[in-house]
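Residues per chain, in single letters:
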Amino acid sequence: MSIDFYWRLPTHGCHNSIQTSGYERGDWSPLRPGNIAPGRDRDGEVDGFTYIDHLAAIAQAAEAVGFQGGLIPSFPNTDDPWVISSLLARETKSFRFMIAFQPGFGNPVHTARMAASLQRATGGRLLFNIITGGGGPAQLWWGDSFAHDDRYGRTSEFLDIFKGVWNASDFSYDGAFYQLRSGGLAPALRGEEFPEIWFSGSSDAALQTAARHADYYLSWLEPFDQLGEKFARVKERTAALGGEQKCAVRVDLVARATEEEAWADIEKGFSNVSEEARQRWGGQGSDSVGAARQAALRPADARRYDDLIVAPNLWGGFSLLRGGPALGIVGSYEQCAARLDDLIARGTDAFILAGTPHLEEAYRVGEEVLPLLGRQASALPVAAE
Amino acid sequence: MTLSVHWRLDPAAEPRRSEPGAWQRLPALARDRRVSTQNRFDYFLQVAQAAAQTAFDGLFVRHRIEADESRIIAAIIARAVPHIHVVPEFPASVGSAVYAAKQATTFQRAAHDRLGWAIAPDAEPAGREAQADFVSDGDLAQRLDEFLTVARGVHRERPFSFKGSYFEVENGGFDAPLNRASFPRVYLQGSGDAALALSGRHADMHLFAPASTEALAKDIARLNALADGRSVAAGLIQPLLVRDERQTAERDARDRPLAPGTLVASYDEAAEILAGFAAIGITELVLEATPTLEEAYRIGQHLLPRLRALTSAARQAA
Ligand SMILES: Cc1cc2nc3c(=O)[nH]c(=O)nc-3n(C[C@H](O)[C@H](O)[C@H](O)COP(=O)(O)O)c2cc1C
């Protein structure tokens, strides 16, 4: 069995360090000297670099240390993954672009043509994280007023058509959300590998759609046994339908030479979070079941960083330090590798890892943690029941 | 007013070039060391480089369902080729207007505001149904109107709300830093009052099809009348077959199918005619000819200098 490791491209700027909350990389915080990409020259003048140049550096670092590629998230105030992938297509060699995409935002046939074009431009380096939206005000911001389960119905039909036209000339479809008469990709665009579909969403509707369409079911990190149970359920459900479901975890690491150094960085980061920011924590309107599963992990009122340690090497305060899910792994290189091994033992078939700052941590995790993997797999207890 | 001159790439033209599946085998005595990483995009980039190096102002990328997608091509070009403006053509059926506008911000941020949008005409009904698009003929203009209203709206203001028949958005609008990018320059086309009025509401530039100077002058006046105070510039899409001598051009014209309205002329004549269009108020030209690469060089090297000499002389005289 071999496991695929991906990194992540931060599409909302990046921090200099896990200890600070400012976006010193990119222009999401006010530009000042020292802010890179868009860079300022030594007189403080704009020097022509933009954030895409920094993303290029991260993608190149990730492919250099052996990550297969990276997840490219999409939210209202991020740069867009389709455009990022096109811009970086020719500046990377093996980096695979995992585009986070809400199917409702594109015509399915046009989207298939865009995907085939990107496959042709990159030699088959495109894949998708199909997302279906967290609902609430953000969904209306995007111009999408569909209700939660309808969004999954639409996603499912979208993927039917996307697959249907991929290598066909005469595909028709009569769904509740889409109809299509005699469509298909043009001959010049056919024959490309169909992009792998990773799929996220934790609700019942999500799991049903995943069982039908997903190569990988993707989850944020949850406490290990809880996650193991979720993966087992997903795999069983798909097996009952005659398919096979692989499962993947997206998780941040703070990996340092020693465990003490790792926690010291977390402690420093936690102490830099204002009381007010802590109060605001996690109060977004959303119908996301996945987000609720994360929020449920949050101890009500953490005063100290170690109030948020939920298990050995598992810290529940990441969303205080940077945007994204709450739970992540903190420890020495050996411990981080062992925790990833634990996850493999609980049914994880692939990972999307991340660390802050994404550029330097791609090298660190790639050089220090990945080589230690697999050492303890055989010594591990099998997944808890 | 200076005249901007763009080249137009048709991704479906010269379909065998740099298409790995269509490589012409070399005879056995010639060692072939082409590699699998060579692909069609090498050719698109060569055309873009040619246009940039021969001093075109921009490159349009046609919407062709039988070939690679124009916005993907445009982003790849913008990253690799400095200076020139890049204008993908696509129809309003591509999907969400908010999403299209958001994608434009990333492009603009990365490429220093060099993106334009040319809205392509919609396909005929059977073509649309094959694209999962069942909007009726009579409703296409309304969809395009809403598409541009929403795309511009979320770019311009926050919060922006709109509810139409095809697009809606509630408390939308981009935040910093995305809202610092400029909105792509919008090019619309089409003939008749309805198309001109739509340009009057939404376009930065209306692109006319080839016509005589007199007819174009009338159309420009009509465009301005319908724009109702908003300023919309006038441009022209002009296919060309130009050679050193008119006789050579006419001879070559007999050998090939030409796009409607192709200007068959010598370099000097073509420069005169195009300068004549500039004199009646055309401020952007979108030129096209095949083979796309060789003709970009030919026209960039022979026609553009003549044309620019005439238009700058006219500017100085004015
Ligand atoms: C690993 C992972 C990555 C995600 N990335 C994105 C993203 O980039 N953009 C987004 O809008 N939602 C993202 N989501 C959210 C989900 O796709 C989904 O919309 C949300 O969980 C609501 O679905 P649910 O109610 O089924 O959980 C992500 C979720 C997971 C688990």
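Note: the structure precedes this text.
For the structure given in this document, a descriptive report is provided here. Given the structure is predicted, the values throughout are model-derived calculations rather than measurements.

**As for the overall build of chain A**
Piece 1. Helix and strand counts for chain A come out as 13 helices and 13 strands.
Piece 2. Taken over the C-alpha trace, chain A has a radius of gyration of 21 Å; the compact-globule value for 385 residues is 21 Å, and the two agree within 12%.
Piece 3. Each of the three principal axes of chain A carries a C-alpha extent, and together these read 60 × 60 × 40 Å.
Piece 4. For chain A, the residues scored as buried account for 59% of the 385 residues in total.
Piece 5. Long-range contacts, defined here as pairs at least 24 residues apart, represent 70% of the contacts in chain A between residues at least 6 apart.
Piece 6. In the form shown here, chain A has an accessible surface area of approximately 14800 Å², with 49% of it arising from carbon and sulfur atoms.

**Brief notes about the overall build of chain B**
Piece 1. The helix and strand inventory of chain B stands at ten helices and eleven strands.
Piece 2. By the compact-globule yardstick of 20 Å for 318 residues, chain B fits well, its C-alpha radius of gyration being 21 Å.
Piece 3. Reported as C-alpha extents along the three principal axes, the dimensions of chain B are approximately 65 × 55 × 40 Å.
Piece 4. Taken over 318 residues, chain B has a buried fraction of 53%.
Piece 5. Of the contacts formed within chain B by residues at least 6 apart in sequence, a portion of 70% connects residues at least 24 apart.
Piece 6. Put simply, chain B shows about 13700 Å² of open surface, and 51% of that area lies on carbon and sulfur atoms.
Piece 7. When the 36 basic and 40 acidic side-chain charges of chain B are each reduced to a single mean position, those positions are 6 Å apart.

**A look at the site of the ligand**
All names here are of chain A.
Piece 1. Surrounding the ligand, one finds 24 residues, the nearest of these being Ser74, Tyr152, Ser203, Val289 and Gly290.
Piece 2. Contacts to the ligand include Ser203, whose side-chain N or O atom sits 2.7 Å from an oxygen atom.
Piece 3. In isolation the ligand has 630 Å² of accessible area, and contact with the protein removes 95% of it.
Piece 4. Mapped onto the shell around the ligand, the elements with two or more residues apiece are helix H5 (148-166), strand E8 (216-220) and helix H10 (289-295).
Piece 5. Counted by class, the shell around the ligand contains nine nonpolar, 13 polar and two charged residues.

**Thoughts on the pattern of salt bridges**
Residue and element names in this part refer to chain B.
Piece 1. Taken as a whole, this structure holds 49 salt bridges over all chains when the rule is applied.
Piece 2. For Asp252, the salt bridge goes to Arg243, with nearest N and O atoms at 2.8 Å. Considered together, Asp252 and Arg243 belong to a single accessibility category, that of buried residues.
Piece 3. Across the pair Arg243 and Glu295 runs a salt bridge whose closest N-O atoms are separated by 3.6 Å. Of this pair, Arg243 sits in strand E9 (residues 233-243) while Glu295 sits in helix H10 (residues 292-317), placing them 52 residues apart in sequence.
Piece 4. With a relative accessible area of 4%, Glu295 lands in the buried category.

**Regarding the side chain of Ser332 of chain A**
Piece 1. Within the element layout of this structure, Ser332 of chain A appears in strand E12 (residues 328-332).
Piece 2. If we skip the residues at most four places from it in the chain, Ser332 of chain A touches Arg256, Ala257, Thr258 and Glu259 of chain A.

**Examining helix H3 (residues 97-111) of chain B**
Residue and element names in this part refer to chain B.
Piece 1. The terminal C-alpha atoms of H3 lie 21 Å apart, and with 15 residues this matches the ideal 21 Å at 1.5 Å per residue to within 8%.
Piece 2. Most of H3 sits out of view: 15 of its 15 residues are buried.
Piece 3. The N-terminus of H3 is capped by Ser96, whose side-chain oxygen sits 3.2 Å from the backbone nitrogen of Val98.
Piece 4. Two residues or fewer past H3, His112 is found with a positive phi of approximately 55°.

**Considering the pairing of strand E6 (residues 179-183) of chain A**
All names here are of chain A.
Piece 1. Inspection of the sheet shows strand E5 (residues 171-174) paired to E6 by three bridges, in the antiparallel sense. Bridged to Phe171 within E6 is Gly183.
Piece 2. Taken together, E5 and the strand that follows it, E6, pair antiparallel across an intervening segment of four residues.

**What to know about the environment of Gln142 of chain B**
Piece 1. Looking at the secondary structure, you find Gln142 of chain B in helix H5 (residues 140-156).
Piece 2. In this structure, the C-alpha to C-alpha distance between Gln142 of chain B and Gly164 of chain B, residues 22 residues apart in sequence, is 9.2 Å.

**Re the interface of chain A and chain B**
Piece 1. Each partner contributes to the interface: chain A provides 52 residues, whereas chain B provides 49 residues.
Piece 2. Contact between chain A and chain B buries roughly 4400 Å² in total, counting both sides, with carbon and sulfur atoms accounting for 52%.
Piece 3. On the chain A side of the interface with chain B, the three residues burying the most area are Arg90, Arg113 and Trp141 of chain A, jointly 16% of the side's total.
Piece 4. At the boundary of chain A and chain B, one finds eight salt bridges.

About the criteria used
- Counting restarts for each chain, with residues numbered from 1 along the sequence as it is written.
- Chains carry letters from A onward and ligands carry numbers from 1 onward, assigned in written order.
- Local features are withheld for residues below a pLDDT of 70 in this predicted model, meaning they are given only at 70 or higher, and side-chain atom pairs are given and counted only at 80 or more; totals for whole chains, interfaces and linings count all residues.
- With hydrogens and water set aside, each side-chain value is computed from the structure's full complement of heavy atoms.
- In DSSP terms, a helix is any run of H or I states spanning at least four residues, a strand is any run of E spanning at least two, and both are numbered starting from the N terminus.
- Computation of the radius of gyration draws on C-alpha atoms alone. For the globule rule, the value is 2.2 Å times the number of residues to the power 0.38.
- Per-residue accessibility, obtained with a 1.4 Å probe over protein chains only, is compared with the maximum for each type, and a residue is labelled buried under 20%, exposed over 50%, and partly exposed between these values.
- Residues count as neighbours in contact if any of their non-hydrogen atoms are within 4.5 Å of one another.
- Shrake-Rupley sampling with a 1.4 Å probe provides the accessible areas, and residues are treated as covered by the protein chains on show and by no other component.
- His is not counted, nor are the chain ends, whereas Lys and Arg count as positive and Asp and Glu as negative.
- Where a charge lies is defined by one atom per residue type: Lys uses NZ, Arg uses CZ, Asp uses CG and Glu uses CD.
- We call a residue near a given molecule or strand whenever any one of its heavy atoms falls within 4 Å of it.
- Distance and chemistry together define a polar contact, namely a pair of N or O atoms within 3.5 Å, with one atom able to donate a hydrogen and the other to accept it when in protein, and with adjacent residues in sequence counting only for side-chain atoms on both sides.
- In this count, Pro and Cys sit with the nonpolar residues alongside Ala, Val, Leu, Ile, Met, Phe, Trp and Tyr, while Asp, Glu, Lys and Arg are called charged and the others, Gly among them, polar.
- Whenever a carboxyl oxygen of Asp or Glu lies within 4 Å of a side-chain nitrogen of Lys or Arg, that contact is scored as a salt bridge.
- To estimate the expected span of a helix, subtract one from its residue number and multiply by 1.5 Å.
- In this description, strands pair whenever DSSP reports at least two bridges between them.
- Buried area is a sum: the accessible area each of two parts loses on coming together, probed at 1.4 Å, counted once for each and added.

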